[in-house]
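# Architecture and fold: a report
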Amino acid sequence: MQQHRLVDQQFGQVAQAYLTSVVHAQGADLDALAALAQSVPHAKVLDLGCGGGHVSFAMAPHAATVVAYDLSEDMLAVVAAEASRRGLTDLHTRAGRAEALPFDDATFDIVASRFSVHHWYDARKGLAEARRVLKPGGRLVIVDVFAPEVPLLDTFLQAAEVLRDASHVRNYRLSEWQAMLAEAGFQPASPRTWKLPMAFEGWIARIRTPQVRADAIRHLFDHAAEEARGYFAVTPDHSFAIDAMMIEAI
C-alpha cells in the first residue's frame, strides 16, 4: 500500500478518537498558535495535516479564514462537523497530500502543522510546498515529536512508533529540523521543547494498535537498554514520556 493511502486508512477509522484525545486537544502550544493568529490582522491560515482539527479550532476565532487540510476525508468530515457545532463559519476543509498542495503561490500568512510531519512520505518536499504557498514574510509553525540526537535513543523511539502505527515515517531530530527548514528557504528560530507524557493504554487504543504489535512494544520496553528506559521514563505499566517541540520559521 502506498504511504498516503496507509495514512488515510490508519486515521480515517479513528477520526473521532483524535477529536476527543486529551493529548491532542490541549496544550500551551495551541494557546501560542491562537496568539499568533491574533497577532496577524486578517490572517489566512493553513492547518497542514490537520488531524482532529485542534489547530484550526484554536486559530479560527482570530483569523480571517482557516483551511483545515488533511489526507483523510473521514477526518475532515469530523473537523467540518465540529466546526459547524462551534459556529466557525470561516473554517473550511480540503483534502490532499502535504507534498502537492492545491493552492496558489503566496496564498497564506501562516502555515501551521501539529503532530503531522512524522507521517509525511517526503518531509522536505512538504516543507518546500509550505514555503511556496506562504506569502513573503509569512510564518511556518511546526509542532511535533522529535527524536534524540543519540542513535540508541533515536532507534528505540522509531521502533516503538512504527510498531504502534504502521503509517509512521520518522520523528526527526532537532538538527534535522534545522537543516530541512533552511533547505526549504526558511529562517528557523530556536525551538521550544517539552516532555509529553504518554499513557500507554490510551496511546495504543487511540490508533487501534493490533494486540501482536502492542505486545511487541511492551517487550521492547521491558528489554531495552537502561539508557533508553531511563531517558523515556518507562514505567511498570509501559507509560513513558517523549520529546515534543514547537519551532517557528519565517
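Residues numbered from 1 in each chain as written. Predicted model: local features only at pLDDT ≥ 70, side-chain atom pairs only at ≥ 80, totals over all residues. Heavy atoms only, no water.

### Here we look at the packing of aromatic side chains
- Evaluation of the coordinates by the stated rule reveals 10 aromatic pairs.
- When the centroid spacing of 5.3 Å and the interplanar angle of 25° are considered together, the rings of F156 and F221 count as stacked. Of this pair, F156 sits in helix α8 (residues 151-164) while F221 sits in helix α11 (residues 211-223); the two residues are 65 residues apart in sequence, bridging distant segments of the chain. The exposure classification of F156 matches that of F221, with both residues buried.
- The ring of F57 has R86 lying over it, and the distance from NZ or CZ to the ring centre is 4.3 Å. (Phe/Tyr/Trp six-rings, centres within 6.5 Å; stacked < 30°, edge-to-face > 60°. Helix = DSSP H or I, 4+ residues; strand = E, 2+ residues; numbered from the N terminus. Buried < 20%, exposed > 50% of the residue type's maximum accessible area, 1.4 Å probe, protein only. Lys NZ or Arg CZ within 6 Å of the ring centre and 35° of its normal.)

### Regarding the sheet that holds strand β4 (residues 108-114)
- Pairing is mixed across the open sheet formed by 7 strands, whose spatial order is β3-β2-β1-β4-β5-β7-β6. Across the chains shown, the open sheet's two edge strands, defined by having one partner strand only, are β3 (91-95) and β6 (192-198). Direction aside, neighbouring strands of the sheet carry axes that sit 20° apart on average.
- Bridge count between strand β2 (residues 65-70) and β3: 5 bridges; the pairing is parallel. Residue pairing in the sheet places D70 in a bridge with A95 of β3.
- Here helix α6 (residues 73-86) sits on the sheet and contacts β2 and β3; the angle it forms with β3, its principal contact strand, is near 175°. (Pairing = 2+ DSSP bridges. Axes fitted to C-alpha atoms, helices over the stretch in contact; angles between N-to-C directions. Contact = heavy atoms within 4.5 Å.)

### Overview of the side chain of H168
- Following the sequence through the fold, H168 ends up in the loop between α8 and α9 (174-183).
- Within the structure, H168 has its side chain in polar contact with the side chain of Q158 (distance 3.0 Å).
- For H168, the residues in contact, after removing those within four places along its chain, are H118, H119, Q158, E161 and V162. (Polar contact = N/O pair within 3.5 Å; in protein donor to acceptor, adjacent residues only side chain to side chain.)

### As for the packing of α8 against α11
- The contact between α8 and α11 brings their axes to 8 Å, and the two run at 165°. By the angle between their directions, the pair α8 and α11 is classed as roughly antiparallel. In this structure, α8 meets α11 at a crossing whose hand is left-handed. The residues of α11 that touch α8, namely those facing F156, A159, A160, V162, L163 and R164, are R213, A216, I217, L220 and F221.
- For the contact of α8 with α11, a count of residues per class yields 9 nonpolar, no polar and 2 charged. (Parallel < 35°, antiparallel > 145°, perpendicular 65-115°, else oblique. Left-handed = near helix turned anticlockwise from the far one by under 90°. Nonpolar A, V, L, I, M, F, W, Y, C, P; charged D, E, K, R; others polar.)

### A word on the environment of V145
- With respect to the helices and strands, the residue V145 is situated in strand β5 (residues 134-145).
- Along the primary structure V145 and L36 are separated by 109 residues, whereas in three dimensions their C-alpha atoms are 21 Å apart.
- The contact partners of V145, leaving out residues within four places of it in the chain, are F115, L157, E161, N171, Y172, I242, D243 and A244.

### Digging into the environment of F156
- Relative accessible area serves as the criterion here: at 7%, F156 is assigned to the buried category.
- In this structure F156 touches L220, F221, A224, A228 and F232, once residues within four positions along its chain are discounted.

### Here we look at the packing of helix α7 (residues 123-133) against α9
- Packing of α7 against α9 leaves a shortest axis separation of 9 Å and a crossing angle of 45°. Taken together, α7 and α9 sit at an angle that is classed as oblique. Crossing hand, α7 versus α9: right-handed. Contacts from A123, R124 and L127 in α7 reach W177, M180, L181 and E183 in α9.
- Among the residues forming the contact of α7 with α9, the class breakdown is 5 nonpolar, no polar and 2 charged.

That is the geometry; function is a separate question.
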